[in-house]
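Here are the chains, one letter per residue:
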Amino acid sequence: MEAIIVFIFGLIFGSFLNVVILRFDDWLSILKGRSQCPKCKTNLGWYDLVPLVSYITLRGKCRYCTKPISWQYPVVEFATAALLTSGYATILANPVLPLWQAWVEVALFALILGVILVIFFHDLYEMMIPEVLSYILVIAALAFSLIYYNDALGTLYAALTGFLPIALLVFAGGGKWMGEGDIKLSAGLALLVGWPSAVAYLAFSFIGGGLFGVAAIAAGRAKLKSAIPFAPFLILAAFVTFFYGPRIVGWYLGILGYGYY
Ligand SMILES: [Zn+2]
């Protein structure tokens, strides 16, 4: 029952994030603006704005001008709800006492998730990460890491694992392959996944980004030097690691003969 409430809250939070993603560079309009169809400018009613449900019942088209509604809306709504519910389940699965502390962790996870999703789309569309968002991410992830993993030294190792290799790449490449925003993003994501999962996170993001880069070059879509938005790969790797990291690391150490932990 609780999980259903978290999921519904996630859908509503996701529809707020959609507005933030679209109007980030004009954030005052988020507070005062009414929701309009971006194509025909008709003011939308609440029944046009029910997360996921409106998109499905309208079959992806505006009620007034029948132009297609961006896929970003249902994807962000569903992704926010699914990731928030998974995060809630993962956090509550660990026996932490007192219970209010677990809810502080869930709230921090929600904040981190929101910031990460806005960064994901901002980097995808504009190939840059707003500085204010990466600072919020690092601070929230540091608080989450210290409370959730309760291991200050592990938190330090995780931060360094996320930070140093990306910083080296950025300075070695003169900012051509990756931007400075990626350094703070990576540190924040490594703090989220904790230690030693941060190592797996880093490996996944390089494998993912590398495979995509090779595929894009092979398909003639990219040259060796052209920048690809790297943040989405860091973010996908972090979520895979947060939810499956301990199992994957345990499986890998098992293969090497170190046994499961
Ligand atoms: Zn319209």
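Residues numbered from 1 in each chain as written. Predicted model: local features only at pLDDT ≥ 70, side-chain atom pairs only at ≥ 80, totals over all residues. Heavy atoms only, no water.

**Focus on the packing of aromatic side chains**
The tally for this structure, following the rule as stated, stands at 20 aromatic pairs. An aromatic cluster is present here, built from F109, F144, Y148, Y149, F239, F242 and F243 joined pairwise through their rings. A cation over a ring is seen here: K184 above Y135, with NZ or CZ 4.6 Å from the ring centre. (Phe/Tyr/Trp six-rings, centres within 6.5 Å; stacked < 30°, edge-to-face > 60°. Lys NZ or Arg CZ within 6 Å of the ring centre and 35° of its normal.)

**Comments concerning helix α9 (residues 197-218)**
In this model, α9 (22 residues) spans 31 Å end to end at C-alpha, consistent with the 32 Å of a helix rising 1.5 Å per residue. By the burial criterion, the buried members of α9 are S197, A198, A200, Y201, L202, S205, G209, G213 and A216. Backbone geometry just after α9 places G220 at a positive phi near 75 degrees. (Helix = DSSP H or I, 4+ residues; strand = E, 2+ residues; numbered from the N terminus. Expected span 1.5 Å × (residues − 1). Buried < 20%, exposed > 50% of the residue type's maximum accessible area, 1.4 Å probe, protein only.)

**Structural notes on the coordination of the zinc ion**
As a benchmark, a tetrahedral metal site with four donors has ideal angles of 109.5 degrees, while an octahedral site with six donors has ideal angles of 90 or 180 degrees. Taken together, the protein donors to the zinc ion comprise C37 (SG), C40 (SG), C62 (SG) and C65 (SG), at separations of 2.3 Å. Note that the zinc ion binds four donor atoms; their angles at the metal cover 103 to 119 degrees, and the shape is tetrahedral. Taken in chain order, the donor set of the zinc ion reads C-x2-C-x21-C-x2-C. Of this pair, C37 sits in the loop between α2 (28-32) and α3 (53-57) while C62 is found in the loop between α3 and α4 (72-93), placing the two residues 25 residues apart along the sequence. The burial state of C37 is the same as that of C62; both residues are buried. (Donors = N, O, S within 2.8 Å, 3.2 Å for Na, K, Ca; no water. Tetrahedral: all angles 85-135°; square planar, octahedral: opposite > 155°, others 65-115°.)

**Overview of the nonpolar core**
Among the nonpolar cores identified, the biggest contains 56 residues, and F109, I119, F144, L185 and Y201 are the most heavily contacted of them. Sorting the residues of this core by element identifies α1 (2-23), α4, α5 (99-126), α6 (131-149), α7 (152-172), α8 (180-193), α9 and α10 (231-255) as the ones contributing at least two each. With 13 residues, the single largest contributor to this core is α5. Residue contributions to this core reach at least three from each of two domains, namely domain 1 (1-93) and domain 2 (97-261). Once you skip the residues sitting within four places of it in the chain, L185 turns out to touch I119, I129, L137, A231, L234 and I235. (Core = buried A, V, L, I, M, F, W, Y, C linked by side-chain atoms within 4.5 Å. Domains from an automatic or database assignment. Contact = heavy atoms within 4.5 Å.)

**Description of the environment of G257**
Tracing the chain through its elements places G257 in the segment after α10. As for G257 and S70, which are separated by 187 residues in sequence, their C-alpha atoms are 49 Å apart.

**Thoughts on the packing of α6 against α8**
Taken N-terminus to C-terminus, the directions of α6 and α8 make an angle of 20 degrees; their axes are 8 Å apart at the nearest point. Of the possible angle classes, the one that applies to α6 and α8 is roughly parallel. In this structure, α6 crosses over α8, and the sense of that crossing is left-handed. Contacts from E131, S134, Y135, L137, V138, A141, L142, F144, S145 and Y149 of α6 reach α8 at K184, L185, G188, L191, L192 and V193. (Axes fitted to C-alpha atoms, helices over the stretch in contact; angles between N-to-C directions. Parallel < 35°, antiparallel > 145°, perpendicular 65-115°, else oblique. Left-handed = near helix turned anticlockwise from the far one by under 90°.)

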